[in-house]
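For reference, the chains in residue letters:
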Amino acid sequence: MNNEKTQKFDSDPKESKCLSEEEKEQEQEELRLELIQVQEEILTLKAVLNTKMKVAGDLKRKLGITPMAELKQSIQSIKESGTYQKTNAAFRSFGAFASRKMGNLRNSSVFKSVEEKVGGANGTVKQSQSMGNIQPRMNTMSSSRSENNVAEMTMHAADPIDDEVKSEGQSKAVSNLYADM
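Each value, and the rule that gives it
Along every chain, residues carry numbers that run from 1 in the direction the sequence is written. Restriction of local features to residues with pLDDT of at least 70 applies here, the model being predicted, together with a cutoff of 80 or more for giving and counting side-chain atom pairs; totals for whole chains, interfaces and linings are based on all residues. Side-chain measures here rest on the full set of heavy atoms in the structure, leaving out hydrogens and waters. A run of H or I in DSSP becomes a helix once it reaches four residues, and a run of E becomes a strand once it reaches two; helices and strands are each numbered from the N terminus. Burial classes: relative accessible area under 20% of the type maximum marks a residue as buried, over 50% as exposed, and values in between as partly exposed (1.4 Å probe, protein chains only). Note on contacts: a residue pair is in contact if any heavy atoms of the two residues lie within 4.5 Å. Computed with the Shrake-Rupley method and a 1.4 Å probe, the accessible areas treat only the protein chains shown as cover for residues. Counting of polar contacts relies on pairs of N or O atoms within 3.5 Å, with two restrictions inside protein: one atom must be capable of donating a hydrogen and the other of accepting it, and residues adjacent in sequence are counted only when both atoms are side-chain atoms. Salt bridges are defined by distance alone: a side-chain nitrogen of Lys or Arg within 4 Å of a carboxyl oxygen of Asp or Glu. Residues enter a patch when their relative accessible area is above 30% and they make no salt bridge; the linking distance is 9 Å between like charges and 5 Å between nonpolar side chains (Val, Leu, Ile, Met, Phe, Trp, Tyr). Here the positive residues are Lys and Arg and the negative ones are Asp and Glu; neither His nor the chain ends is included. For the purpose of locating charges, the reference atoms are NZ of Lys, CZ of Arg, CG of Asp and CD of Glu. A residue's pLDDT is the predictor's confidence in that residue, given on a scale from 0 to 100. Every axis in this analysis is a line fitted to C-alpha atoms, fitted for helices over the stretch in contact. Angles between the N-to-C directions lie between 0 and 180 degrees. An angle counts as roughly parallel when it lies under 35 degrees, as roughly antiparallel when it exceeds 145, as roughly perpendicular when it falls between 65 and 115, and as oblique in every other case. Each residue is assigned to one class: nonpolar for Ala, Val, Leu, Ile, Met, Phe, Trp, Tyr, Cys and Pro, charged for Asp, Glu, Lys and Arg, and polar for all the others, Gly among them.

Considering the overall build of the chain
In terms of regular secondary structure, the chain is built from eight helices and zero strands. Helices (α) and strands (β) of the chain occur, in sequence order from the N terminus, as α-α-α-α-α-α-α-α. Relative to its 181 residues, the chain shows a buried fraction of 8%. Counted over contacts in the chain with a minimum sequence separation of 6, partners at least 24 positions apart contribute 54%. In the form shown here, the chain has an accessible surface area of approximately 15100 Å², with 58% of it arising from carbon and sulfur atoms.

As structure tokens, then:
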């Protein structure tokens, strides 16, 4: 590319306002010609690059270098880079920090209290499912928590129910439990 032309056209656009119409047209024509020349050079360079890429591909194929091998080499290069090493160290550090904090959280009194309550509720549900039909007990628990309801729940737990009715009642009870929530 011609440096004189580039320097000439890199000038301030305000300066072109001082030119006559004929000079402006001449400058525009020179710019168009330079643009066409640059675009042709770009096309030539693209064609040369494509040709060289094909030759490189053929040489790699003859040498037995596969795209998978190239990918593995690229990944290895990335892993060896300083940026990757720093990022990897930061993630390890964060992982250790998060692990320590979770351990501290598990040992906290609040977490233990919540864990006990959730565990107790889970055990109660499992126990009531193993005792029989949960439907009558869930209905009585959701309506009111009076002493009469507690006695009724105890009575239902002692009733013998065949497996089919029991299974049907449990699925209804679970459905009602979610509906009450």
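Past the structure itself, the notes keep going.
With respect to the environment of Thr87
Locating Thr87 in the fold gives a position in helix α4 (residues 82-106). A distance of 2.9 Å separates a polar side-chain atom of Thr87 from the backbone oxygen of Thr83.

Some remarks on the pattern of salt bridges
Under the counting rule described, the total for this entry stands at three salt bridges. Across the pair Arg61 and Asp58 runs a salt bridge whose closest N-O atoms are separated by 2.4 Å. One end of the pair, Arg61, and the other, Asp58, are both in helix α2 (residues 21-63), three residues apart, so they sit about a helical turn from each other. Its relative accessible area of 59% is what places Arg61 among the exposed residues. When its relative accessible area of 37% is taken as the criterion, Asp58 is described as partly exposed.

What about a negative patch on the surface?
Together, Glu21, Glu22, Glu23 and Glu25 give the surface a local cluster of negative charge. Judged by relative accessible area, Glu25 falls into the exposed class, the value being 55%.

Section: the confidence of the model for the chain
On average, the chain scores 74 in pLDDT, and the residues at 70 or more come to 57%. Between residues 4-9, whose pLDDT stays under 50, and residues either more than four places distant or in other chains, the model counts nine contacts. This stretch, residues 153-166, has a pLDDT under 50; its non-local contacts, to residues over four places away or in other chains, come to ten contacts.

Details of a nonpolar patch on the surface
On the surface, a cluster of nonpolar side chains totalling about 280 Å² of accessible area is made up of Met68, Leu71 and Ile75. Looking at where Ile75 falls in the secondary structure, it is placed in helix α3 (residues 67-80). The exposure class assigned to Ile75 is partly exposed, which follows from its relative accessible area of 40%.

Digging into the packing of α3 against α4
When two helices pack together, you describe them by how their axes are tilted relative to each other and by the distance separating the axes. With their axes 5 Å apart at the nearest point, α3 and α4 run at an angle of 65 degrees to one another. The orientation of α3 relative to α4 falls into the category roughly perpendicular. Residue-level inspection shows Ile78, Lys79 and Glu80 of α3 in contact with α4, the latter providing Gly82, Tyr84 and Gln85. Here the contact of α3 with α4 is built from residues that sort into two nonpolar, two polar and two charged.

Focus on the environment of Lys79
As for its position among the elements, Lys79 is in helix α3. Filtering out sequence-adjacent residues up to four positions away, Lys79 remains in contact with Tyr84 and Gln85.

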